[in-house]
Amino acid sequence: PSARNASVVLIAMGTLFGTLFIGISLLATRFGIQVDATETKSVVGLLTQSIVGEGALFYVVQAATAIILVLAANTSFSGFPRLASILATDRYMPRQFAQRGDRLAYSFGIIVLAVVSALLLIAYHGSVNGLIPLYTIGVFIAFTLSQAGLVRYWIRERTPGWRFSAGINALGAVVTAIVTVVVALTKFVLGAWLVLAVMPLLIYAMWR
C-alpha cells in the first residue's frame, strides 16, 4: 500500500538525516571545526579532511556530497514546475505554467526556475551564507503550514489514534515555527528579509 510505503520511507529518511546531523555536529565540535570564512570549504569537507586527510577517501566523500546536492536541486526542478502547473490550472498563475513542452515536461516552469536561480547566484555571488537563509525560511514555513494542516485534518477526521497523530504533528509545527522565527531574526539582514517580503507579494499576485 502506497501510504504504508511512504511512511516507511519517511521514517528511514528521518532516521538517516537525524543520525547524520547529530553525528556531524558531535564530530565537528570534538575536532573544533570552524566555518570557513572564505566559503571555499564546507564543514563536511573540513571534518573529512581532519579524519582521513586528503587521500582518496576524502574525494569519495566530496563526490558523494556533490551527488546528494545535485539530487536535491533536481527535486526542485521536478517539483516546482508540477506545482506551478496545478496553480496555473486553478488560475492562480499564468497559463503558460500549465503547458507541457515537446518532451512532456512543464518547460516554462523549468526555464523560469533556472533563470531565477541563476539571478540569485549572481546577486549573492554564490555565497552560501547569503543563499541558505532564503532556502531555510521557505522550507520551514512550508513545513509549519503542512504540519498545522495535518493537525487540522486529524481533528476533523478523528480516525483511530488521531490524538497521537495530531500531537506529533502539533509538536512538529511548533518546532518548525520556532526555527522559522529564529532564522528570520538572526539572518534577516543576510537575506531572510527577501523571502519575508516576496512571499506575501506572490500570494497577493496569485489571488489577483
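Structure: above.
Positions within a chain are numbered from 1, following the residues in the order the chain's sequence is written. Note on the predicted model: pLDDT of at least 70 is required for a residue's local features to be given, and 80 or more for side-chain atom pairs to be given and counted; whole-chain, interface and lining totals, by contrast, use all residues. Excluding hydrogens and water, the side-chain values take into account all heavy atoms of the structure.

Caption draft 1: Geometry of the nonpolar core. Counting residues in each nonpolar core, the largest one holds 8 residues, listed as Y124, L134, I137, I141, V183, A184, A192 and V195. Mapped by element, the contributors of at least two residues to this core are α5 (128-157), α6 (162-186) and α7 (188-207). Put simply, DSSP H or I for four residues or longer makes a helix, DSSP E for two residues or longer makes a strand, and each gets a number counted from the N terminus. For this core, the leading source of residues is α5, giving 3 residues. Working rule for contacts: check all heavy atoms of both residues, and any pair within 4.5 Å makes them a contact. Residues in contact with L134, not counting those within four places in the same chain, are L120, Y124, G191, L194 and V195. Here, the term nonpolar core denotes a set of buried Ala, Val, Leu, Ile, Met, Phe, Trp, Tyr and Cys residues that are joined through side-chain atoms within 4.5 Å. The cut-offs for exposure are 20% and 50% of the maximum accessible area for each residue type, with area from a 1.4 Å probe on protein chains only; residues under the lower value are buried, those over the upper are exposed, and the others partly exposed.

Caption draft 2: The arrangement of α5 in detail. Helix length check: α5, at 30 residues, gives a terminal C-alpha distance of 42 Å against a target of 44 Å (1.5 Å per residue), a fit within 8%. For α5, the full list of buried residues reads G130, P133, L134, T136, I137, V139, I141, T144, V151 and W154. Contacts made by the buried residues of α5 are with α4 (107-123), α6 and α7. Here a polar contact is taken to be a pair of N or O atoms separated by no more than 3.5 Å, where protein atoms must pair a possible hydrogen donor with a possible acceptor and residues adjacent in sequence count only if both atoms sit in side chains. For α5, the N-terminal capping position is held by S127, with its side-chain oxygen 3.4 Å away from the main-chain nitrogen of N129. The first or second residue beyond α5 is R158, which carries a positive phi of 50°. By this rule, a helix spans an expected 1.5 Å times one less than how many residues it contains.

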